[in-house]
Amino acid sequence: MQEENINEMSSMIMNKEYIRKDIVEITNLFKNMVQEKYISKMNDFAIKHKENAIKNPTKEVILMEAIKPFLEKEARFNIDRMIEMINIINTAKSIQMEVQNFKAQSIDSSME
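Described in the following lines is the structure provided in the data block. (Residues numbered from 1 in each chain as written. Predicted model: local features only at pLDDT ≥ 70, side-chain atom pairs only at ≥ 80, totals over all residues. Heavy atoms only, no water.)

This part is about the side chain of His-49. Position of His-49 relative to the elements: it lies in helix H2 (residues 16-55). One polar contact links His-49 to Ser-94, side chain to side chain, over a distance of 2.5 Å. Leaving out residues up to four positions away in the same chain, His-49 has contacts with Thr-91, Ser-94, Ile-95 and Glu-98. (Helix = DSSP H or I, 4+ residues; strand = E, 2+ residues; numbered from the N terminus. Polar contact = N/O pair within 3.5 Å; in protein donor to acceptor, adjacent residues only side chain to side chain. Contact = heavy atoms within 4.5 Å.)

Right, dumping it as structure tokens:
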């Protein structure tokens, strides 16, 4: 019985494909855990801020949207790209402000 276990263990250790499959499985489990625990939450956080930037456009975005109908197709495409860039910048600023507020609250609560 013990000899069978030793043979089985040695064949598993010597089989590179068996080890490779285990490493792939471990890597996939780790990747999925990181995706579920961290990346998806960060993505949801960023999407929330981007939606807020789009729902509450700046004066510049409102102006660009207003002049778009009077421009040629190529210019409208460029305006859309500029609006997207402004929304990305405003999203990043919004995220930065929330993170700074969170840090400030954390510092304040730790001092109490």
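Still more ground to cover, so stick around.
To continue, consider the environment of Asn-56. In this fold, Asn-56 is placed in the loop between H2 and helix H3 (59-67). A distance of 2.6 Å separates a polar atom in the side chain of Asn-56 from a polar atom in the side chain of Asn-52.

Together, Met-9, Ile-13 and Met-14 line one region of the surface with nonpolar side chains, adding up to about 360 Å² of accessible area. In this structure Met-14 comes out as exposed when scored by relative accessible area, which is 66%. (Patch = residues over 30% accessible without salt bridge, like charges linked within 9 Å, V, L, I, M, F, W, Y side chains within 5 Å. Areas by Shrake-Rupley, 256 points an atom, 1.4 Å probe, with all protein chains shown as cover. Salt bridge = Lys/Arg side-chain N within 4 Å of Asp/Glu carboxyl O. Buried < 20%, exposed > 50% of the residue type's maximum accessible area, 1.4 Å probe, protein only.)

The next subject is helix H4 (residues 73-111). For H4, with 39 residues, the first-to-last C-alpha span of 57 Å sits near the 57 Å given by 1.5 Å per residue. Within the sequence span of H4, burial applies to Ile-79, Ile-83, Asn-87 and Thr-91. Considering only its buried residues, H4 is in contact with H2 and H3. (Expected span 1.5 Å × (residues − 1).)

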